[in-house]
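Fold and contact review
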Amino acid sequence: MLVVYYSSSSEYTHRFVGKLDHPSRRLPLLTKDETLLVDEPFVLVTPTYGAGPNRGAVPKQVIKFLNIESNRRHLVGVIGAGNTNFGAEYCKAAIKVAAKCHVPLLYRVELLGTPEEVADVNLGLDKLCESSLKTAM
């Protein structure tokens, strides 16, 4: 399963995605850069930024990417990367994206992902690939 993700210069999300056994494509760091076009099923991994009362949580680069209808059409699920220290705001961006795009929130992972989280996500993505193949036949 293709994994599309946004990671800031902190590289936390990038390092998590690098542990997965699935191909990935990274969204541009800057919103002024041209975004990706995806023409196959994918899972989005997004961190949360600037969350709080009356503040946006979804990175602008993710919004720009998902504002392209053909990208949204191929989205099959969302994974949130975050820090549990943020309490109720933990993985808020992924929760918002999943609800708005009517796809499942598949996982929420802590920062770089624990070894157990990485294993769970890999297994879940493998199963998602299998079910996509069966549906395509």
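Below or above, wherever it landed, is the structure these notes cover. (Residues numbered from 1 in each chain as written. Predicted model: local features only at pLDDT ≥ 70, side-chain atom pairs only at ≥ 80, totals over all residues. Heavy atoms only, no water.)

Okay, the layout of surface pockets next. A volume near 220 Å³ is recorded for the second largest pocket. Of the residues forming the lining of the second largest pocket, the biggest block, 4 residues, is contributed by helix H4 (residues 92–101). (1 Å grid on protein atoms, 1.4 Å probe; cavity = no way out; pocket = protein on both sides within 12 Å on 5 of 7 lines; lining within 4 Å. Points joined across faces, edges and corners; volume = space filled by probe spheres on them. Helix = DSSP H or I, 4+ residues; strand = E, 2+ residues; numbered from the N terminus.)

Under the counting rule described, the total for this entry stands at 3 salt bridges. In this structure, Glu-69 engages Arg-73 in a salt bridge whose closest nitrogen and oxygen atoms are separated by 3.0 Å. Here the residue Glu-69 and the residue Arg-73 both occupy positions in helix H3 (residues 69–74), the gap between them amounting to 4 residues, near one helical turn. The class for Glu-69 is partly exposed, based on a relative accessible area of 43%. A salt bridge links Glu-89 to Lys-92, with the nearest nitrogen and oxygen atoms 3.2 Å apart. Among the residues examined, Lys-92 registers a relative accessible area of 22% and is labelled partly exposed. (Salt bridge = Lys/Arg side-chain N within 4 Å of Asp/Glu carboxyl O. Buried < 20%, exposed > 50% of the residue type's maximum accessible area, 1.4 Å probe, protein only.)

For the rest of this paragraph, the subject is the pairing of strand S4 (residues 75–82). For S4, the tally of buried residues reaches 7 of 8 residues, placing the bulk of the element in the interior. Looking at chain direction, strand S3 (residues 42–47) and S4 are connected through 6 bridges and run parallel. Across the sheet, the residue bridging to Val-45 is Ile-79, located in S4. Pairing of S4 with strand S5 (residues 105–110) involves 5 bridges; the strand directions are parallel. Bridge pairing links Ala-81 to Val-109 in S5. (Pairing = 2+ DSSP bridges.)

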